[in-house]
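# Secondary and tertiary structure notes
Residues per chain are reported as follows:
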Amino acid sequence: MAETLLEVKDLKVQFDTPDGVVKAVDGVSFTVERGQTLGVVGESGSGKSVTFMTVMGLIAGNARISGEIIFEGRDLLKLPPAEVRAIRGDGMGMVFQDPMTSLHPMYRVGDQIVEAIRAHRDIDRKEAWDMAVEMLRKVGLPRPEERAKDYPHEYSGGMRQRAMIAMAMVLNPDLLIADEPTTALDVTVQAQILELMEQLKSEYNCGVVLITHDLGVVADVSQKVMVMYAGRAAEYGTRDQVFNTPLHPYTWGLLESIPTVERRVERLVPIEGTPPSLINPPRGCAFHPRCPHRFEPCDGERPELEMRGGDHPDACYLAIEDKRRLWAEREQRRQKEPA
Ligand SMILES: Nc1ncnc2c1ncn2[C@@H]1O[C@H](COP(=O)(O)OP(=O)(O)OP(=O)(O)O)[C@@H](O)[C@H]1O
Ligand SMILES: [Mg+2]
């Protein structure tokens, strides 16, 4: 049995704004196991970052948060703030999507990692510096003793990403959360960063959350996948379940927009339409206005994420036979496409 590190139950995060209440995360539940990767996928604005910034305790003051965030057996939403800070500082590391929140342009990379260490460990600068250099070596930075003295702009994109991973991992956390860690990188460097994360995962035996808008990125490295749409999970299963027997039309759309050797980029079919408002989401299934398979119940009661006859939970009202048939037809059509 895998050891569960993080269990999130019915998490909701709402922001009060002048235009109304933004339901950024509207009831998501999932677990992260030690030594495994959870891939979290969805279009822009689906609530991926807010979900995990909330787990990290980094959400701004205008937010209302409910549900449970159980990390190593304790509900972080119920403990006193000082205790939670200590648990998070030691137990979780995050690689942030926004470079502005991670590496400061005015400070040397090594000094920034030293600060990150000394915020949570009572050790002197020299010792922390040595730890920083050692970690930079582990993430594959050449000549780390010298490169630690550089400023972030002196690094390539891939090196900066390695430095951010070093900063997130230097205190040996049990959970590494990486928010779009490869999005700004070219394909080769992307593969190297994913490989590095795999290597760290097995060396440290930590749990990993990999957030991305690209289902292709999680294909090779995730044990489980959660597909998010409009602040909720559309589908949640093992990697094989989600890739081989996807149940939700939104996932089908995402799968069809993955570039492969056979389907070159020009042939990609993006999902039509745009993500919904999170202040006034559509009635029923939030995806129904964009869904080619919508039928009568879809704009009525909201479908919950649950077992619906498939081998993993999903939130779509189509009958299981129809899901199987429609996905098989889409697959056939895809294979007939000329390369
Ligand atoms: N502080 C805030 N106040 C109000 N709304 C917010 C705040 N932070 C995030 N949101 C909104 O919450 C929703 C979810 O945002 P989030 O950043 O989680 O999306 P995402 O899935 O990470 O998207 P992306 O792929 O673009 O990173 C968005 O509509 C966003 O505008
Ligand atoms: Mg994001």
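Heads up: the structure comes first, above all this text.
Okay, so let's go over this structure.

Calculation notes
Residues numbered from 1 in each chain as written. Chains lettered and ligands numbered in written order. Predicted model: local features only at pLDDT ≥ 70, side-chain atom pairs only at ≥ 80, totals over all residues. Heavy atoms only, no water. Helix = DSSP H or I, 4+ residues; strand = E, 2+ residues; numbered from the N terminus. Buried < 20%, exposed > 50% of the residue type's maximum accessible area, 1.4 Å probe, protein only. Polar contact = N/O pair within 3.5 Å; in protein donor to acceptor, adjacent residues only side chain to side chain. Contact = heavy atoms within 4.5 Å. Near = heavy atom within 4 Å. Areas by Shrake-Rupley, 256 points an atom, 1.4 Å probe, with all protein chains shown as cover. Nonpolar A, V, L, I, M, F, W, Y, C, P; charged D, E, K, R; others polar. Pairing = 2+ DSSP bridges. Axes fitted to C-alpha atoms, helices over the stretch in contact; angles between N-to-C directions. Phe/Tyr/Trp six-rings, centres within 6.5 Å; stacked < 30°, edge-to-face > 60°. Parallel < 35°, antiparallel > 145°, perpendicular 65-115°, else oblique. Left-handed = near helix turned anticlockwise from the far one by under 90°. Donors = N, O, S within 2.8 Å, 3.2 Å for Na, K, Ca; no water. Salt bridge = Lys/Arg side-chain N within 4 Å of Asp/Glu carboxyl O. Expected span 1.5 Å × (residues − 1). Arc of directions from axis to C-beta.

One can find H312 in the loop between α10 (249-256) and α11 (320-336). Assessed through its relative accessible area of 1%, H312 is described here as buried. Looking at H312, its side chain comes within polar contact range of the side chain of E235, at 2.7 Å. Sequence-distant contacts of H312, defined by excluding residues within four places in its chain, comprise E235, Y236, G237, Q241, V242, T245, L247 and M307.

Below, the discussion takes up the site of ligand 1. Surrounding ligand 1, one finds 15 residues, the nearest of these being S44, G45, K48, V50 and Q97. The separation between an oxygen atom of ligand 1 and a polar side-chain atom of S49 is 2.8 Å. Expressed as a share of its isolated accessible area of 640 Å², the protein-covered part of ligand 1 is 68%. When residues of the shell around ligand 1 are assigned to their parent elements, the largest contribution, three residues, is made by helix α1 (residues 48-56). Among the residues making up the shell around ligand 1, the classes are represented as four nonpolar, eight polar and three charged.

This next bit is on the sheet that holds strand β8 (residues 207-212). Ordered by their spatial adjacency, six strands build an open sheet running β6-β7-β8-β3-β9-β10, and the pairing between neighbours is mixed. Two strands bound the open sheet, and with one partner strand each, they are β6 (92-95) and β10 (232-238). Between one strand and the next, the sheet's axes are offset by a mean angle of 15°, whatever the strand orientation. Of the strand pairs in this sheet, β6 and strand β7 (residues 175-179) are connected by four bridges, and their pairing is parallel. When the sheet's bridge partners are listed, M92 is paired in β7 with L175. Packing against the sheet, helix α2 (residues 81-91) makes contact with β6 and β7, and its axis sits at approximately 65° to β6. Contacting β6 and β7, helix α6 (residues 157-169) runs over the sheet at an angle of about 165° to β6.

In this description, an aromatic ring pair is defined by two values, namely the gap between the centres and the angle between the planes. This model, assessed by the stated rule, comprises five aromatic pairs. Centroid distance Y229 to F287: 5.1 Å. Interplanar angle 80°. Geometry classified as edge-to-face. One end of the pair, Y229, is in strand β9 (residues 224-229); the other, F287, is in the loop between α10 and α11, and 58 residues separate them in sequence. Considered together, Y229 and F287 belong to a single accessibility category, that of buried residues.

What follows concerns the sheet that holds strand β4 (residues 63-71). One key point about sheets: their strands pair by backbone hydrogen bonds, in either a parallel or an antiparallel sense. Judged by pairing direction, the sheet is antiparallel, and its four strands sit side by side in the order β2-β1-β4-β5 without closing on themselves. Of all strands in the sheet, those bounded by a partner on one side alone are β2 (20-33) and β5 (74-75). Pairing of strand β1 (residues 4-17) with β4, which is carried by eight bridges, proceeds in the antiparallel orientation. Residue pairing in the sheet places K9 in a bridge with E68 of β4. Of the strands in this sheet, β1, β2 and β4 touch α1, which is tilted by about 110° from β1.

Here we come to the packing of α6 against helix α7 (residues 187-204). Viewed as axis vectors pointing N to C, α6 and α7 meet at an angle of 20°, and their least axial separation amounts to 10 Å. Classified by the angle between their axes, α6 and α7 sit roughly parallel to one another. α6 and α7 meet at a crossing whose hand is right-handed. For the pair formed by α6 and α7, the contact residues are G158, Q161, R162, I165 and M169 on the first element and V189, Q192, I193, L196, M197, L200 and Y204 on the second. Grouping the constituent residues of the contact of α6 with α7 by class yields eight nonpolar, three polar and one charged.

Where burial is concerned, most of strand β3 (residues 37-41) is hidden: five out of the five residues are buried. Burial along β3 is two-sided: T37, G39 and V41 facing one way and L38 and V40 facing the other are all buried. Pairing of β3 with β9 involves four bridges; the strand directions are parallel. Looking at the pairing, G39 lines up with V225 of β9.

Protein-derived coordination of the magnesium ion (ligand 2) comes from S49 (OG) and Q97 (OE1), at a distance range of 2.0 to 2.2 Å. Placement of the pair is S49 in helix α1 and Q97 in the loop between β6 and α3 (109-118), with a sequence separation of 48 residues.

Looking now at the pattern of salt bridges. Overall, the coordinates contain 26 salt bridges when judged by the stated rule. A salt bridge links E146 to R143; the nearest nitrogen and oxygen atoms lie 2.6 Å apart. A relative accessible area of 42% places E146 in the partly exposed class. Overlapping salt bridges, with partners in common, bring together E3, R34 and D174 in one network.

All right, on to helix α4 (residues 125-138) then. The terminal C-alpha atoms of α4 lie 20 Å apart, and with 14 residues this matches the ideal 20 Å at 1.5 Å per residue to within 8%. All buried positions along α4 are accounted for by A128, A132, V133, M135 and L136. The buried residues of α4 occupy an angular sector of 160° when the element is viewed end-on, so they sit on one face. G140 sits one or two positions beyond α4 and adopts a positive phi of about 90°.

In short, geometric facts, not functional conclusions.
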